[in-house]
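As a plain string of letters, each chain reads:
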Amino acid sequence: MTEPGGRPRLPAMSDVARIAGVSHQTVSRVLNDHPSVRPQTRERVLEAIAELGYRRNSAARALVTRRTGTIGIICIGLPYFGPTSTLIAVEEAARHAGYFVSVATLAEIDAAHVSRAVEHFLSQAVEGIIVIAPQDDVRDALVPFAAQVPLVMIAAEPSPGFAYQTMSVDQELGARLATRHLLDLGHRDIVHLAGPLGWVDARARVAGWHAELAAAGIDSGDPIAGDWSPDRGYEVGRQLAREGVPDAVFATNDQVALGLLRAFAEGGVAVPRDVSVVGFDDMLESAHFLPPLTTIRQGFEELGGRCITMLIAAIGGAELDPTPIPPRLIVRASTGPAR
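Residues numbered from 1 in each chain as written. Predicted model: local features only at pLDDT ≥ 70, side-chain atom pairs only at ≥ 80, totals over all residues. Heavy atoms only, no water.

Now for the nonpolar core. The biggest cluster of nonpolar side chains holds 25 residues, and the ones touching the most others in it are Ile74, Ile129, Val131, Leu142 and Leu151. Mapped by element, the contributors of at least two residues to this core are strand 1 (70-76), strand 2 (100-106), helix 6 (111-123), strand 3 (128-132), helix 7 (136-142), strand 4 (151-154) and helix 9 (200-215). Here this core gets 4 residues from one element, more than from any other, and that element is helix 6. Here Ile74 is in contact with Ala104, Leu106, Ala117, Val118, Phe121, Ile129, Ile130, Val131 and Ile132, once residues within four sequence places are set aside. Counting residues in each nonpolar core, the second largest holds 20 residues, with Ile154, Met167, Val169 and Leu311 among its members. (Core = buried A, V, L, I, M, F, W, Y, C linked by side-chain atoms within 4.5 Å. Buried < 20%, exposed > 50% of the residue type's maximum accessible area, 1.4 Å probe, protein only. Helix = DSSP H or I, 4+ residues; strand = E, 2+ residues; numbered from the N terminus. Contact = heavy atoms within 4.5 Å.)

For the rest of this paragraph, the subject is helix 8 (residues 171-184). For helix 8, which comprises 14 residues, the first-to-last C-alpha distance of 20 Å matches the rise-based estimate of 20 Å (1.5 Å per residue) to within 8%. Along helix 8, the residues classified as buried are Gln171, Gly174, Ala175, Ala178, Thr179, His181, Leu182 and Leu183. In the core, the buried residues of helix 8 are packed alongside strand 6 (190-193), helix 9, strand 7 (248-251), strand 8 (276-278), strand 9 (295-297) and strand 10 (328-330). Positive backbone phi, approximately 100 degrees, marks Gly186, located one or two places after helix 8. (Expected span 1.5 Å × (residues − 1).)

A few words on unusual backbone geometry. The residue after Val271, namely Pro272, is reached through a cis peptide bond having omega 10 degrees. Position of Pro272 among the secondary structure elements: in the loop between helix 11 (254-266) and strand 8. Cis geometry marks the peptide bond from Leu290 to Pro291; its omega dihedral reads 0 degrees. With respect to the helices and strands, Pro291 occurs in the loop between strand 8 and strand 9. Backbone geometry at Asp281 places phi at a positive 130 degrees, although glycine is not the residue there. One can find Asp281 in the loop between strand 8 and strand 9. Take Asp281: its relative accessible area is 6%, and that puts it in the buried class. We note that Asp282 has phi near 60 degrees; this positive angle belongs to a residue other than glycine. Mapped onto the elements, Asp282 comes out in the loop between strand 8 and strand 9. Residue class for Asp282 comes out buried when judged on its relative accessible area of 11%.

Let us look at empty space enclosed by the protein. Empty space left among the atoms is revealed by rolling a probe the size of a water molecule over them. For the structure on display, the rule yields 1 cavity of 30 Å³ or more. Roughly 240 Å³ of volume is contained in the largest cavity. Secondary-structure elements contributing two or more residues to the lining of the largest cavity are helix 5 (81-96), helix 9 and helix 12 (300-316). The leading source of residues in the lining of the largest cavity is helix 5, at 4 residues. (1 Å grid on protein atoms, 1.4 Å probe; cavity = no way out; pocket = protein on both sides within 12 Å on 5 of 7 lines; lining within 4 Å. Points joined across faces, edges and corners; volume = space filled by probe spheres on them.)

Take it as geometry only, folks, not as evidence of what the structure does.
Below is the structure:
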């Protein structure tokens, strides 16, 4: 297609309508997936779009509708499996829902960096924001912005004063499932190697471990302090191999469990004969650890979809469903009967 003077021009919605033999409004309904369009008409419009290579002009649409069709995502700038998997799932779900995504990663987790990220998104006129950084400083920093834009945080605790919405996989239930599995195998001395307790999810996993042991009449004591890294798992594993292993270890995530397994193997501790090990997340590699790791599977794809559904509901002022997503226990060879 050319403009006067021979310059090429991009196809417009009117060109699609002309080739498909329909009105401009019908093309708009097809683009917005409106249910009132007949299947045969929809097919003709889609064929015309493909033939012309038409792409809708988002800037022009925003001027007309006063909606940008964009959501912001704030996430931590660290390569942790859970947040990274969640980011991928949220971005895919947003795309399927017809939204563009703008991502801001936080090099530092503090109120100043969170505030700058939110203000950046507000300047872009995003329709809502999803936050994948379930830490106390981030939660507190979001509260002042809750009245300005719909906010959904992926976290296992409600926001302070319920200022914004939260959605999560049920972290406490996952920890209870892991602990109950070990109890059912006859283990009683079940140690928890925790994540950093400034993280909401890590605290929820500690709470689930405590609660399940308490329900079995067992005093859990305190968890072992840790982080999300295999280095910390390896360090603790070496210490336990030297000083004596418990019946079982519930690790806060699969990466920590990986460090434990290596330390136990080097220290001559057989898993699961001498000690059972359970992780959390079900990383793709977990089935190939030595031995393959029993773990808790988080449904990241469902989490991404539920977050987008919740944010769209918040944007439209509809009723919200904050029910957490139940995780699943995946049993593999790293757990066995009590010795």
